[in-house]
Amino acid sequence: MSIAQHVQDAWNKKASWLIVLRPLSLLYRLIFEINKTLYAVGLKKKYTAPIPVMIIGNITVGGSGKTPLLIQLVKYLQQQGVRVGVISRGYGGKGPFPVLVNALSEPDLAGDEPCLIVQSTHVPMAVGPNRQASIELLLKSEKLDLIISDDGLQHWALARQIEWIVLDQNRGLGNEKLLPEGYLREPKSRLNRSTVIEHTKIAQSQRNMHLAIGQPYLLNLNTDLNVFDPNQYFNVVVGIGFPQRFYQTLNQLNVKQYQTHEFADHHDYQIDDLTFNNQDAIITTEKDAVKFKVLLKQYPEFNIPIWVVPVEAVLSADCYDLLKQQLQQVGIQFS
């Protein structure tokens, strides 16, 4: 287990030894607040895009359900006639940046989440660490009404008109400490200044979402299997921020017999990562499957069945009502 994974495991368990990292957390907060203040008083310049920008982010490190939410919102806006584009940092991608993402883009260049977003929605999308450059590239190629930023909540260099924060109640805020003592990117008071979407099946807020599990599908078709059997034994291969959520998903699918193989978020998979002493089927997430597709092209002889579990964000009616109101306030009307 890498140091990063060891620390993340300690975050999830709220390990007491994390207190030794408090001096680093205080330093992190100091630097964070100074940087934020420099943008607030104008000593550092913000970029304001020529069209409204909506940020979907979180205040925690690791998965919160942000990407499924973004995908669902893009699909909804497309149905309403809103010309929407997406930008992202492109974590895990090597660039060169900025770059436009299309259905044929490789995740090792553009990042796994951007590839998943485009494959799911066909939305115009640009990625790169410089959000201004990504927006300018996107607007050169498309006429848009709205830009959604996948993450970037703490990227103060980008002005925004709308902020949605996804709060996964299943994971919560951990020990409520800032990095690296805890997994908070910002103090929890930040939740009071943005729209919070509660990610949970048992919601306490009217603005909530949960993930609906779809029927698992086979990624590689050169196998004899065509029916998903939850009673078989699986190798679970997962490289996401909060893998425990995927294990809960498997339990809901009545998948009980499996061995886990955890990798870091945005892991650069190699074929050896999918090769085990047994010949049991592999089961994984859609985000991981984006990278597995590339490996299967490189190794067409690989015939271990790989099952993919799709999920879809289901939003409460209040989320859509609020979105419509917020967009109207920035001059965007539904058709």
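That block above? That's the structure.
In this text the structure is predicted, and so the values were computed from the model without any measurement.

### Some words on the overall build of the chain
Along the chain, the regular secondary structure elements total 9 helices and 14 strands. Scaling as 2.2 N^0.38, a compact globule of 335 residues should have a C-alpha radius of gyration of about 20 Å, and the chain matches this with 20 Å. Burial status across the chain gives 53% buried among its 335 residues. Long-range pairs, those at least 24 residues apart, make up 75% of the contacts in the chain between residues at least 6 apart in sequence. On the chain, the mean spot of the 32 positive side-chain charges and the mean spot of the 31 negative ones are 10 Å from each other.

### Topic: helix α8 (residues 286-298)
With 13 residues, α8 should reach 18 Å at 1.5 Å per residue; the first-to-last C-alpha distance of 19 Å fits that figure. Every buried residue of α8 is listed here: Lys-287, Asp-288, Ala-289, Val-290, Lys-291, Phe-292, Val-294, Leu-295 and Leu-296. Summarising the contacts, the buried residues of α8 are in contact with α4 (107-110), α5 (112-121), β10 (234-238), β12 (281-285) and β13 (306-309).

### Things to note about a nonpolar patch on the surface
On the surface, Leu-24, Leu-27, Leu-30, Ile-31 and Ile-34 cluster together into a nonpolar patch covering about 470 Å² of accessible area. Among the secondary structure elements, Ile-34 is positioned in helix α2 (residues 22-40).

### Brief notes about the side chain of Ser-64
Along the polypeptide, Ser-64 turns up in the loop between β1 (53-57) and α3 (66-79). At 2.9 Å, the side chain of Ser-64 and the side chain of Asn-58 are in polar contact.

### A short note on the packing of aromatic side chains
Aromatic ring pairs are reported here in terms of the distance separating the ring centres and the angle at which the planes meet. All told, the structure shown has 10 aromatic pairs when counted by the stated rule. Geometrically, the ring pair formed by Tyr-247 and Tyr-258 is stacked, given 6.2 Å between the ring centres and 25 degrees between the ring planes. One end of the pair, Tyr-247, is in helix α7 (residues 243-252); the other, Tyr-258, is in strand β11 (residues 258-262), with 11 residues separating them in the sequence. Relative accessible area serves as the criterion here: at 21%, Tyr-258 is assigned to the partly exposed category.

### Comments concerning the sheet that holds β1
Pairing between the strands of a sheet is mediated by backbone hydrogen bonds and can be parallel or antiparallel. Across the sheet, 9 strands lie side by side as β3-β4-β2-β5-β1-β6-β7-β8-β14; this open sheet has mixed pairing. A single partner strand is all that each edge strand has here, and the edge strands are β3 (99-101) and β14 (311-315). Going across the sheet, the axis of each strand differs from the next one's by a mean of 25 degrees, ignoring polarity. Two strands pair when backbone bridges link them, and β3 and strand β4 (residues 125-127) are joined in this way by 3 bridges, in the antiparallel orientation. Within β4, the position partnered with Val-99 by the bridge is Val-127. On top of the sheet, helix α6 (residues 131-141) reaches β1, β2 (84-88), β3, β4 and β5 (146-150); it is set at about 150 degrees to β2, its chief contact. Most of the contacts of helix α9 (residues 317-329) go to strand β6 (residues 162-168), to which it runs at about 160 degrees, and overall it touches β1, β5, β6, β7 (195-199), β8 (208-213) and β14.

### Here's the deal with the sheet that holds β11
Across the sheet, 5 strands lie side by side as β9-β13-β12-β10-β11; this open sheet has mixed pairing. With partners counted over all chains shown, the strands left at the sheet margins are β9 (217-218) and β11, one partner each. With 3 bridges joining them, β10 and β12 adopt parallel strand pairing. Paired with Asn-235 across the strands is Ile-282, a residue of β12. Most of the contacts of α8 go to β12, to which it runs at about 125 degrees, and overall it touches β9, β10, β12 and β13.

### Thoughts on the packing of α5 against α8
It is at 9 Å that the axes of α5 and α8 come closest, and there the two elements cross at 95 degrees. In terms of their interaxial angle, α5 and α8 are classed as roughly perpendicular. For the pair α5 and α8, contact is made by Asp-112, Glu-113, Cys-115, Leu-116 and Gln-119 and by Glu-286, Lys-287, Val-290, Lys-291 and Lys-293, respectively.

What counts as what
- Residues numbered from 1 in each chain as written.
- Predicted model: local features only at pLDDT ≥ 70, side-chain atom pairs only at ≥ 80, totals over all residues.
- Heavy atoms only, no water.
- Helix = DSSP H or I, 4+ residues; strand = E, 2+ residues; numbered from the N terminus.
- Rg over C-alpha atoms; globule rule 2.2 N^0.38 Å.
- Buried < 20%, exposed > 50% of the residue type's maximum accessible area, 1.4 Å probe, protein only.
- Contact = heavy atoms within 4.5 Å.
- Lys, Arg positive; Asp, Glu negative; His and termini not counted.
- Charge placed at Lys NZ, Arg CZ, Asp CG, Glu CD.
- Expected span 1.5 Å × (residues − 1).
- Patch = residues over 30% accessible without salt bridge, like charges linked within 9 Å, V, L, I, M, F, W, Y side chains within 5 Å.
- Areas by Shrake-Rupley, 256 points an atom, 1.4 Å probe, with all protein chains shown as cover.
- Salt bridge = Lys/Arg side-chain N within 4 Å of Asp/Glu carboxyl O.
- Polar contact = N/O pair within 3.5 Å; in protein donor to acceptor, adjacent residues only side chain to side chain.
- Phe/Tyr/Trp six-rings, centres within 6.5 Å; stacked < 30°, edge-to-face > 60°.
- Pairing = 2+ DSSP bridges.
- Axes fitted to C-alpha atoms, helices over the stretch in contact; angles between N-to-C directions.
- Parallel < 35°, antiparallel > 145°, perpendicular 65-115°, else oblique.

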